[in-house]
Structure formats: structure tokens, C-alpha cells
Amino acid sequence: MTQLQEEFLNELKSNPKLTIAQYAELYKKHSQLAIKYQQDNGASESQSKAMGNYYTVTVLSDFIDSENILARIIALHESL
């Protein structure tokens, strides 16, 4: 999973001035990749979603300093 996290972090770093919607799209893209990775490695659907989202939000929360902005990104991601 580390490679997926590094790819997500690198994409965040290469685009430092994204909008909330753009961050949410990146979060969605990378969480789907992480979920698929988990499923491909034998995890159940619920485990895959939980772990995929956990790995992705961990990277995002380390990158975004503002809890308010992070909450807005996550909320928008959930509505996509």
C-alpha cells in the first residue's frame, strides 16, 4: 500500500494550488485505486473500502494543514 500512498502524495505535491473540488476528485481517484488494491489482495468489500479510504485520507490529512479544508474535501468526496 505504501506505493499507492506515495503516488497520491506525489500527485498532491505536484498540484499545490488545487480547489476543494479538485482535491476531492484526487481523493476519490486514489481511494478507488486503494480499494481495488485491497480487493485484489483478498479483502472483503467492506474491509477494502475501510482500508482504502483510511490509507488515502491519512495521506490527505498529512498534506492538508487546515482541518476545516480537510473536512470540506472529505464531505465533498462523500457526495461524489
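As shown above, the structure is provided for reference.
The shown structure was predicted, so the numbers you read here are calculated from the model rather than taken from an experiment.

S.K.: Just to check I follow, could you spell out helix 3 (residues 45-63) for this structure?
M.R.: Since the α-helix packs 3.6 residues into each turn, any two residues three or four apart lie on the same face. Its 19 residues give helix 3 an end-to-end C-alpha distance of 27 Å, which sits within 8% of 27 Å, the value for a rise of 1.5 Å per residue. Residues S48, G52, T56, V59 and L60 constitute the buried set of helix 3. Seen along its axis, helix 3 keeps its buried residues to an arc of 100°; they face one direction. Counted as exposed and oriented over 90 degrees from the buried face of helix 3: S46 and D62. Check the buried side of helix 3 and you find it contacts helix 1 (2-14), helix 2 (20-40) and helix 4 (67-79).

S.K.: Whenever I open this one, the packing of helix 3 against helix 4 confuses me. Can you help?
M.R.: Helix-helix packing: each pair is described by the crossing angle between the helix axes and the interaxial distance. Two numbers describe how helix 3 lies on helix 4: the axes approach to 11 Å, and their chain directions differ by 150°. In terms of orientation, helix 3 and helix 4 fall into the roughly antiparallel class. Considering the relative orientation of helix 3 and helix 4, their crossing is right-handed. Residue-level contacts link N53, V57, L60 and S61 of helix 3 to L70, I73, I74 and H77 of helix 4. Taken together, the residues of the contact of helix 3 with helix 4 break down into five nonpolar, three polar and no charged.

S.K.: Looking at this model, I keep getting lost on the nonpolar core. Mind explaining?
M.R.: Burial of nonpolar side chains together is a common tendency in soluble globular proteins. Grouped together as the largest cluster of nonpolar side chains are 11 residues: F8, L12, Y23, A24, L26, Y27, V59, L60, I64, L70 and I73. Among the secondary structure elements, those contributing two or more residues to this core are helix 1, helix 2, helix 3 and helix 4. At four residues, helix 2 tops the list of elements feeding residues into this core. Here A24 is in contact with I73, L76, H77 and L80, once residues within four sequence places are set aside.

S.K.: Is there a simple way to think about the pattern of salt bridges in this case?
M.R.: All chains considered together, the criterion is met by three salt bridges. Taking the shortest distance from any N to any O, the salt bridge between K29 and E11 comes out at 3.2 Å. You can see K29 sitting in helix 2 and its partner E11 sitting in helix 1, a full 18 residues away along the chain. Assessed through its relative accessible area of 40%, K29 is described here as partly exposed. Between K49 and E45 there is a salt bridge, with the nearest N and O atoms lying 3.3 Å from each other.

What counts and how
- Residues numbered from 1 in each chain as written.
- Predicted model: local features only at pLDDT ≥ 70, side-chain atom pairs only at ≥ 80, totals over all residues.
- Heavy atoms only, no water.
- Helix = DSSP H or I, 4+ residues; strand = E, 2+ residues; numbered from the N terminus.
- Expected span 1.5 Å × (residues − 1).
- Buried < 20%, exposed > 50% of the residue type's maximum accessible area, 1.4 Å probe, protein only.
- Arc of directions from axis to C-beta.
- Contact = heavy atoms within 4.5 Å.
- Axes fitted to C-alpha atoms, helices over the stretch in contact; angles between N-to-C directions.
- Parallel < 35°, antiparallel > 145°, perpendicular 65-115°, else oblique.
- Left-handed = near helix turned anticlockwise from the far one by under 90°.
- Nonpolar A, V, L, I, M, F, W, Y, C, P; charged D, E, K, R; others polar.
- Core = buried A, V, L, I, M, F, W, Y, C linked by side-chain atoms within 4.5 Å.
- Salt bridge = Lys/Arg side-chain N within 4 Å of Asp/Glu carboxyl O.

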